[in-house]
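Topology and contacts: notes
What follows is the residue order along each chain.
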Amino acid sequence: KTEAVIWGSALTAIFLPIGGWLGFLLSRHVLMDWATRLSAKFPTLEALHSVFSQPSQSLKIMILLRLSLFFFLILSLIHSILPDM
């Protein structure tokens, strides 16, 4: 049992960042138009977009979002449609 926990923890530590990175790249380059249209339909996403446009607030909001219960893929999608700073 202990060996399975160690293997599971190691594989999770390796593949979780890779999955997040791939999700970000996929949403940044393949799903960008769809995500932009989706953010226009929902006021919450539009509000996040306007907050992240302000460099002084973006780091604080990103940290708070990472601590929340949002799914990691949804957060990667939100961050991918934001303008580059």
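These numbers come from a predicted model, not from an experiment. (Residues numbered from 1 in each chain as written. Predicted model: local features only at pLDDT ≥ 70, side-chain atom pairs only at ≥ 80, totals over all residues. Heavy atoms only, no water.)

**Things to note about the overall build of the chain**
This is how it is decided: Segments assigned H or I by DSSP are reported as helices when at least four residues long, segments assigned E as strands when at least two residues long, and all are numbered from the N terminus. Only protein chains enter the accessibility calculation, which uses a 1.4 Å probe; a residue is then buried when its area is under 20% of its type maximum, exposed when over 50%, and partly exposed in between. Every residue pair with non-hydrogen atoms within 4.5 Å of one another is taken to be in contact. Here the Shrake-Rupley method, with its probe set to 1.4 Å, supplies the accessible areas, and only the displayed protein chains count as covering residues.
Scanning the chain from terminus to terminus reveals five helices and zero strands. Within the chain, buried positions represent 21% of all 85 residues. Counting contacts in the chain only where the partners sit at least 6 residues apart, residues at least 24 apart contribute 63% of the total. As presented, the chain carries roughly 6,500 Å² of accessible surface, and 74% of it is formed by carbon and sulfur atoms.

**Here's the deal with a nonpolar patch on the surface**
The line we're drawing: Distance thresholds for patches are 9 Å for like charges and 5 Å for nonpolar side chains (Val, Leu, Ile, Met, Phe, Trp, Tyr), applied to residues having over 30% relative accessible area and no salt bridge. Counted as salt bridges are all cases of a side-chain nitrogen of Lys or Arg within 4 Å of a carboxyl oxygen of Asp or Glu.
Together, Trp7, Leu11, Ile14, Phe15, Ile18, Trp21 and Leu22 make up a nonpolar patch on the protein surface, roughly 770 Å² of accessible area in all. Examined against the element boundaries, Trp7 turns out to sit in helix H1 (residues 2–29).

**Looking at H1**
Definition in use: By this rule the span expected of a helix is its residue count minus one, scaled by 1.5 Å. Bend is the name given here to the angle between axes fitted to two runs of seven residues, the run ending at a residue and the run starting at it.
For H1, with 28 residues, the first-to-last C-alpha span of 41 Å sits near the 40 Å given by 1.5 Å per residue. Along H1, the helix axis deviates most sharply at Phe15, where the bend reaches about 25 degrees; the proline Pro17 sits within four residues downstream. Among all positions in H1, only Gly20, Gly23, Ser27 and Arg28 are buried.

**Digging into the packing of helix H2 (residues 32–41) against helix H3 (residues 43–52)**
Operational definition: Between N-to-C directions, angles cover 0 to 180 degrees, with each direction set by a line fitted to C-alpha atoms, over the stretch in contact for helices. Orientation categories follow fixed angle ranges, with anything under 35 degrees roughly parallel, anything over 145 roughly antiparallel, 65 to 115 roughly perpendicular, and all other angles oblique. Here the nonpolar group is Ala, Val, Leu, Ile, Met, Phe, Trp, Tyr, Cys and Pro; Asp, Glu, Lys and Arg are the charged ones; every other residue, Gly included, is treated as polar.
Contact geometry for H2 and H3: axes closest at 5 Å, N-to-C directions at 110 degrees. Taken together, the axis directions place H2 and H3 in an arrangement best described as roughly perpendicular. When H2 is examined against H3, the residues Leu38, Ser39, Ala40 and Lys41 are found in contact with a partner set consisting of Pro43, Leu45 and Glu46. Per-class residue counts for the contact of H2 with H3 are four nonpolar, one polar and two charged.

**Focus on the confidence of the model for the chain**
Atom-level detail of predicted coordinates should not be read off regions where pLDDT is low. Test applied: Note: pLDDT gives the predictor's confidence per residue, expressed from 0 to 100.
For the chain, per-residue confidence averages 76 on the pLDDT scale, and residues scoring 70 or more make up 80% of the total. Here helix H5 (residues 72–80) is the element of the chain with the lowest mean pLDDT, 68, and H1 is the one with the highest, 85.

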